[in-house]
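# Structural features, examined
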Amino acid sequence: MRDTLVLNASFEPLSTVTLNRAVVLVLQDKAVVEQAHPELRMRGAAVDIPAPRVIRLCRYVRVPFRRQAPWSRRGVLVRDRHRCAYCGRRATTVDHVVPRSKGGQDTWLNTVASCAEDNHRKANRTPEQAGMPLLREPFEPTPADAMLLALGTEEFDALPEWLVSAAA
């Protein structure tokens, strides 16, 4: 699981990596720990460091400009925090607001997380036709937002306030 956020030397979110990869980057002096898990430590024969939650690269990495986050089913579920857009229960599927058979596309603004029951009940209709209003409108996350949301609710809530407010 990718549970460590990697920041560029300029403090911009770059990606998420596994805990093991983050420790390797710190031990190779390619990154420094900006925030650590409060109780977790990584111990070895000659090493004892806090388990990193957020690391910052020591050298700036030039990244091509990305205007939008790539769409994916997993991304939609993460964006909506695995909550059904129709009833608020746990979502396991992705529903197209305008069905694909009626010209709907796989885009951030046309897809929402949905529980299987509501997805089946809505079927091949729009929310208005099915009488199922959306609890919240779909939105297109920025690449930084998508990355931070991918960390998960517990991890996202534990991030420094300056990082969360900068990406929001």
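Residues numbered from 1 in each chain as written. Predicted model: local features only at pLDDT ≥ 70, side-chain atom pairs only at ≥ 80, totals over all residues. Heavy atoms only, no water.

## Quick word on the pairing of strand β3 (residues 31–43)
Selection criterion: Note on pairing: two strands pair once DSSP finds at least 2 bridges between them. Only runs of H or I of at least four residues qualify as helices and only runs of E of at least two qualify as strands under DSSP, and these elements are numbered from the N terminus.
Note that β3 and strand β4 (residues 48–57) share eight bridges and pair antiparallel. The residue bridging Ala31 from the neighbouring strand is Leu57, located in β4. Between β3 and β4, which pair antiparallel and follow one another directly, the connecting turn spans four residues.

## Notes on the pattern of salt bridges
The line we're drawing: Any carboxyl oxygen of Asp or Glu that lies within 4 Å of a side-chain nitrogen of Lys or Arg is treated as forming a salt bridge with it. Think of it in three bands: residues with accessible area under 20% of the maximum for their type are buried, residues over 50% are exposed, and the middle band is partly exposed, with areas taken using a 1.4 Å probe on protein chains only.
Counted by the stated rule, this structure contains seven salt bridges. Here Glu34 makes a salt bridge to Arg56, at a shortest N to O gap of 2.8 Å. In this pair, Glu34 is assigned in strand β3 and Arg56 in strand β4, connecting sequence segments 22 residues apart. Since its relative accessible area comes to 32%, Glu34 is described here as partly exposed. Salt-bridge contacts for Arg89 lead to Glu117; the nearest nitrogen and oxygen are separated by 3.1 Å. Taken together, the positions of Arg89 in the loop between α2 (73–79) and β5 (93–96) and Glu117 in helix α3 (residues 116–122) put the pair 28 residues apart, joining distant regions of the chain. Taking the relative accessible area as the measure of exposure, Arg89 reaches 44% and is therefore partly exposed.

## What about unusual backbone geometry?
Backbone geometry at Asp29 places phi at a positive 60 degrees, although glycine is not the residue there. Take Asp29: it is sitting in the loop between α1 (19–27) and β3. Even without being a glycine, Ala123 presents a positive backbone phi close to 55 degrees. Secondary-structure assignment places Ala123 in the loop between α3 and α4 (127–130). What makes Ala123 partly exposed here is its relative accessible area of 44%.

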